[in-house]
Every structure is written in C-alpha cells, then in structure tokens.
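# Inside the fold
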Amino acid sequence: GEQHVRRAARALGLTDDRLVFTDVAPKDEHISRGRLADIFLDTPMCNAHTTACDILWSGVPVVTVPGEKMACRVAASLLNAAGLRECIAPSLAQYEEVAVSLALDRPRRAALRAGALHGRALLPHAGGGGGGARCGRCGRRQGRPRWGANPHDRRLDAGVHPARRVPARRPP
C-alpha cells in the first residue's frame, strides 16, 4: 500500500511531501481535491473510469494510452468527448513524452486545464452541449436510446451487419 508507494517514490528521488494519500470523501470534496493535481496519468492496463470523469470535471488534464480492450479505452473516449485529443498517446513511448512535456510546460498545462473545464460542458451527462447521441444519417440529436428512437430505422440493432441481425420483435 502506501508505504510501498512512498518507498518506490523515494528510490526515484521524490520526497514524501510530494505524495498525498487521503481517505474517502464526499463528492464535492473529492472533486476539489482533484484540482490539486497538475496532470492525471491514466493506467494503461485498466483505465480510470469514474475517477477520470471526476478528474476531468475538476479541470485536470488526463494523459492516457488506449489499449485493445474496452476497459483500456475509457479515458480516450472521455478525452475525445471533451475535445482533449492531444492527451491521448498512441503508444507507451508517446505516453511518456506527453506526460513529461506537460510536466515541464506550465502554460500548456494551464491551456489544457481550461480546455478540460470547457470540455466538461460538452459531455452529454453534464447537461451541456452534448445532450445525447446524434443520428448518423441526418445529424438530428437523439435522447436516451429507446425502442424506435432512430427516425430512419426502427430496429434496435441498426448498427449491426445485416448478416448478423436477429429478426426484430415488437415489445408486448
């Protein structure tokens, strides 16, 4: 746990005062704590999910490298939705480059922080400009998915290849 992390950090030349460990806190306090960070480095094997949302909401840029599995692509999806694509590295080497360059460039970090704060209003769950998915055919904004929500195709599996579609059944 904490002692192992502190020992590893000291071995890398970091002092204990650079690490902050906290207890669980109410959501507003949790978000406020997030603002103390300069950068959030996402874990490649299993991305931060809710934590990445919270950190972006607090205005802190998240650096990630997407993987093959869904659990490894969550942060990249969030960053795309928030308009922070430059924080998505295509490889581990570039992940390190992005992280180091952000750590050394305070004005760029400030610009990304402003972008994160602006981008959170674009996310559908935030009640901002996102507001739901757009129809791929007409661009009309769709609300929560429901039976018959797509005005062009009443099938729930409209995005599935025709050979793999299950015959449509109407709900009772």
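Residues numbered from 1 in each chain as written. Predicted model: local features only at pLDDT ≥ 70, side-chain atom pairs only at ≥ 80, totals over all residues. Heavy atoms only, no water.

### Brief notes about the overall build of the chain
- Of regular secondary structure, the chain possesses six helices and two strands.
- Helices and strands in the chain line up, N terminus first, as α-α-β-α-β-α-α-α.
- Counting all 172 residues of the chain, 28% fall into the buried class.
- Taking all contacts inside the chain whose residues are at least 6 apart in sequence as the whole, residues at least 24 apart take part in 41%.
- Accessible area for the chain stands at about 11,700 Å²; split by element, carbon and sulfur atoms hold 57% of it. (Helix = DSSP H or I, 4+ residues; strand = E, 2+ residues; numbered from the N terminus. Buried < 20%, exposed > 50% of the residue type's maximum accessible area, 1.4 Å probe, protein only. Contact = heavy atoms within 4.5 Å. Areas by Shrake-Rupley, 256 points an atom, 1.4 Å probe, with all protein chains shown as cover.)

### Here's the deal with the packing of helix α2 (residues 27-34) against helix α3 (residues 50-57)
- Orientation of α2 relative to α3, taken along the N-to-C sense of each, is 70°, at an axis distance of 8 Å. In terms of orientation, α2 lies roughly perpendicular with respect to α3. In terms of crossing hand, the pair formed by α2 and α3 is right-handed. Residue-level contacts link Lys-27, His-30, Ile-31 and Gly-34 of α2 to Thr-50, Asp-54, Ile-55 and Trp-57 of α3.
- Its residues assigned to classes, the contact of α2 with α3 shows three nonpolar, three polar and two charged. (Axes fitted to C-alpha atoms, helices over the stretch in contact; angles between N-to-C directions. Parallel < 35°, antiparallel > 145°, perpendicular 65-115°, else oblique. Left-handed = near helix turned anticlockwise from the far one by under 90°. Nonpolar A, V, L, I, M, F, W, Y, C, P; charged D, E, K, R; others polar.)

### A few points about the nonpolar core
- Phe-40, Leu-56, Val-62, Val-63, Leu-79, Leu-84 and Leu-102 are the most contacted members of the largest nonpolar core, which has 25 residues in total.
- Looking at this core, the elements that each hand over two or more residues are α3, β2 (62-63), α4 (74-81), α5 (92-104) and α6 (106-119).
- The element best represented in this core is α4, accounting for five residues.
- Contact partners of Leu-56, with chain neighbours within four places excluded, come to Val-62, Leu-78, Leu-79, Leu-84 and Ala-116. (Core = buried A, V, L, I, M, F, W, Y, C linked by side-chain atoms within 4.5 Å.)

### A word on the state of the cysteines
- Evaluation of the coordinates by the stated rule reveals zero disulfides.
- For the unlinked cysteine Cys-72, the closest cysteine sulfur is that of Cys-46, found at 6.5 Å.
- For Cys-72, a relative accessible area of 8% gives the class buried. (Disulfide = S-S within 2.5 Å.)

### Quick notes on the layout of surface pockets
- Its boundaries defined by the atoms lining it, the largest pocket holds a volume of some 1,300 Å³.
- What lines the largest pocket is a set of 28 residues, among which Arg-18, Val-20, Ala-37, Ile-39 and Phe-40 lie closest to the centre. (1 Å grid on protein atoms, 1.4 Å probe; cavity = no way out; pocket = protein on both sides within 12 Å on 5 of 7 lines; lining within 4 Å. Points joined across faces, edges and corners; volume = space filled by probe spheres on them.)

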